[in-house]
Protein chains: 2
Amino acid sequence: MTNERPLILITNDDGVSAKGINELVACLREVGDLVVFAPDGPRSGMSSAITSLLPIQYSLLREEKGLTVYSCTGTPVDCVKLAMNEVLDRKPDLLVSGINHGGNMAICVNYSGTMGAVIEGCIFDVPSIGVSLLDHAPDADFSECCRLGRMLARRVLRDGLPHGTYLNLNVPKVAQVKGMRVCRQTDGRWIKEFKRSENASGKPVFWLTGSFESAQPIHPDNDMLALDSGYASLVPCKIDVTDYSYMERLKDYEC
Amino acid sequence: MTNERPLILITNDDGVSAKGINELVACLREVGDLVVFAPDGPRSGMSSAITSLLPIQYSLLREEKGLTVYSCTGTPVDCVKLAMNEVLDRKPDLLVSGINHGGNMAICVNYSGTMGAVIEGCIFDVPSIGVSLLDHAPDADFSECCRLGRMLARRVLRDGLPHGTYLNLNVPKVAQVKGMRVCRQTDGRWIKEFKRSENASGKPVFWLTGSFESAQPIHPDNDMLALDSGYASLVPCKIDVTDYSYMERLKDYEC
């Protein structure tokens, strides 16, 4: 046992100035010592992208008792890598990424920079949680999200997580969340994904947009179903994406 | 049954001019009609990143019987999304991403733009394969990789793949590959990830580098073990990252 307060690494993909990460900091200060190491601006949709062709830099923004804040020019995954390799003097007890302005349920876990950082924390064997609110507004109300995120942070600090498993918490945009349900990732995809426009020369350009379409049938454990019903969804996810059930069938392909 | 030749969508993360994608095109021409829709330059390490804050564009580079080539300003995933939503007049029978200059075994599947495109194809329910050679050289010898990639493309066109499952083929840098083994993703992570340098003002900057460290113990089915032994590795992977084995344990957290 150590007398040290838990060390919590905090990052996000909306950038260090976003309301979501600052609300998260405020609500986790009583839980442990916090190091914020977050992108210097928006990095939404960056997934687990890494910066390999250019160098990255970081700056100390603020330092006070129990809280140190850095910004970094890289992606969310770059932030975690740089903090872990070069900045932190000990391994964090927990990583929390968010609070994201917008949901990361269903297949969003694949595109999300918030969740990219969580996956990276998990690869470093740090218990890692992503927290997202289904509200893109810059001034969204994060109070329910903070309450649940703090509760989850405390539990994960107490219990840990298995090697290779991370958590994805999503909170619906409602005044009072009904509760938190353990869910599976909803199967589906985006449709009608582009808005066509024109640049100054009249050449077509394409803006990403679209709406989510669930694959049928919906399973009762789906995260989107919980969220639609006013519950927060908690999905445990794995780093190992091997489809073990299909390995045997593929053996025919060996040569 | 249709009389049409199979339609194969080809993309990569090294860009439309890379040797790897052009060798892939040459070896798949006899298998089907090809549409290349690839980034206009290098996008290595882009994972499943999407471009959400800026518009993207594409250009037709070449059109001949059985082959159309486009370049796109976006990420590998943007390429797949734009091709599927706006450009192709029918759903492809197969997507092949690569041939990547460099391996995408083990945890690389998480960071790779090549594999990001494969995951995206799979989300669109197109049977999707990533092909990578463990050689970063711009003039690498892709002949063994082409032979195995073409064989695999033919088999997947014949058999299809289950909903939500995609394939990750890696080929070692050897004159003659011993064979192809069905494998699981090797567990591990990168260490010593940054080279510290200085910018013009003397401020520290960090370049991504590092070496891979396998987690112990190595399982006999590991993809890295097959590759180290001179075999190509074929890993079936899943879109659904839910850790089903941990859902029950997490039920205590419900509220």
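Residues numbered from 1 in each chain as written. Chains lettered and ligands numbered in written order. Predicted model: local features only at pLDDT ≥ 70, side-chain atom pairs only at ≥ 80, totals over all residues. Heavy atoms only, no water.

Draft legend 1. Just the state of the cysteines, in detail. One pass over the structure, following the stated rule, counts zero disulfides over all chains. Cys237(A) takes part in no disulfide bond, and the closest cysteine sulfur to it belongs to Cys122(A), at a distance of 9.4 Å. Its relative accessible area of 1% is what places Cys237(A) among the buried residues. Here Cys72(B) stays free of any disulfide, with the sulfur of Cys79(B) as its closest cysteine sulfur at 4.0 Å. (Disulfide = S-S within 2.5 Å. Buried < 20%, exposed > 50% of the residue type's maximum accessible area, 1.4 Å probe, protein only.)

Draft legend 2. Region of interest: the packing of helix H2 (residues 76-87) of chain B against helix H4 (residues 113-123) of chain B. All names here are of chain B. Two elements in contact, H2 and H4, have axes whose closest approach is 7 Å; the angle formed by their N-to-C orientations is 30°. Put simply, H2 runs roughly parallel to H4. Remark: the crossing between H2 and H4 carries right-handed chirality. When H2 is examined against H4, the residues Pro76, Val77, Val80 and Lys81 are found in contact with a partner set consisting of Gly113, Gly116, Ala117, Glu120 and Gly121. (Axes fitted to C-alpha atoms, helices over the stretch in contact; angles between N-to-C directions. Helix = DSSP H or I, 4+ residues; strand = E, 2+ residues; numbered from the N terminus. Parallel < 35°, antiparallel > 145°, perpendicular 65-115°, else oblique. Left-handed = near helix turned anticlockwise from the far one by under 90°. Contact = heavy atoms within 4.5 Å.)

Draft legend 3. Seen up close, the relation of the copies chain B and chain A. Rotating chain B by 180° and translating it 0.0 Å along the rotation axis places it on chain A, where the RMSD comes to 0.0 Å. One copy is carried onto the other by what is essentially a two-fold rotation axis. The share of interface residues of chain B whose copies in chain A are also at the interface is 100%, consistent with both copies meeting through the same surface. (Least-squares fit on C-alpha atoms with pLDDT ≥ 70 in both.)

Draft legend 4. Main features of the nonpolar core. Counting 77 residues, the largest nonpolar core has Leu9(A), Phe37(A), Tyr166(A), Leu9(B), Phe37(B) and Tyr166(B) as its most contacted members. Those residues in contact with Phe37(B) that sit more than four places away from it in its chain are Leu9(B), Ile10(B), Thr11(B), Tyr58(B), Tyr70(B), Cys72(B), Cys79(B), Leu82(B), Ala83(B) and Val87(B). (Core = buried A, V, L, I, M, F, W, Y, C linked by side-chain atoms within 4.5 Å.)

Draft legend 5. Expanded view of the interface of chain B and chain A. Taken together, the contact pairs 88 residues of chain B with 88 residues of chain A. Note on chain B versus chain A: buried area summed over both sides is about 7,500 Å², and carbon and sulfur give 59% of it. At the junction of chain B with chain A, the criterion picks out four salt bridges. Put simply, Asp159(B) and Arg249(A) hold a salt bridge, and the shortest N to O gap is 3.6 Å. Our count for the chain B to chain A interface comes out at 43 residue pairs in polar contact (both at pLDDT 80 or more). Ranked by residue count, the leading element in the side of chain B that touches chain A is helix H5 (residues 143-159) of chain B, at seven residues. Grouping the amino acids of the side of chain B that touches chain A by side-chain chemistry returns 46 nonpolar, 18 polar and 24 charged. (Buried area = accessible area lost by both parts, 1.4 Å probe. Salt bridge = Lys/Arg side-chain N within 4 Å of Asp/Glu carboxyl O. Polar contact = N/O pair within 3.5 Å; in protein donor to acceptor, adjacent residues only side chain to side chain. Nonpolar A, V, L, I, M, F, W, Y, C, P; charged D, E, K, R; others polar.)

Draft legend 6. Seen up close, the sheet that holds strand S8 (residues 180-182) of chain B. All names here are of chain B. With mixed pairing, the nine strands of this open sheet are ordered in space as S3-S4-S2-S1-S5-S6-S7-S13-S8. Here the strands that pair on one side only, and so sit at the sheet edges, are strand S3 (58-64) and S8. Within the sheet, the average angular offset between the axes of one strand and its neighbour, ignoring direction, is 20°. Taken together, the six bridges between strand S2 (residues 33-39) and strand S4 (residues 67-72) define a ladder with parallel strand orientation. Paired with Phe37 across the bridge in S4 is Tyr70. Contacts between H2 and the sheet are confined to strand S1 (7-11), S2, S3, S4 and strand S5 (94-101), with S2 contributing the most and set at about 130° to the helix. (Pairing = 2+ DSSP bridges.)

Draft legend 7. Inspection of helix H1 (residues 19-28) of chain A at higher detail. Taken together, the buried positions of H1(A) are occupied by Gly20(A), Ile21(A), Leu24(A), Val25(A), Cys27(A) and Leu28(A). Where H1(A) is buried, its residues meet strand S1 (7-11), strand S2 (33-39), strand S4 (67-72), strand S5 (94-101) and helix H5 (143-159) of chain A.

Draft legend 8. Structural view of the pairing of strand S10 (residues 194-198) of chain B. Residues and elements named next belong to chain B. When S10 meets strand S11 (residues 204-208), the two strands line up antiparallel, connected through five bridges. Following the sheet pairing, Glu198 is matched in S11 by Pro204. Hairpin connection from S10 to S11: five residues lie between these consecutive antiparallel strands, with Gly202 at a positive phi of about 85°.

Draft legend 9. Layout of the side chain of Ser233(A). Residue and element names in this part refer to chain A. Along the chain, Ser233 falls in strand S13 (residues 232-238). Note on Ser233: relative accessible area 0%, which makes it buried. Not counting the four nearest positions on each side in its chain, Ser233 is found in contact with Asn168, Leu169, Asn170, Arg181, Cys183, Asp223, Ala226 and Leu227.

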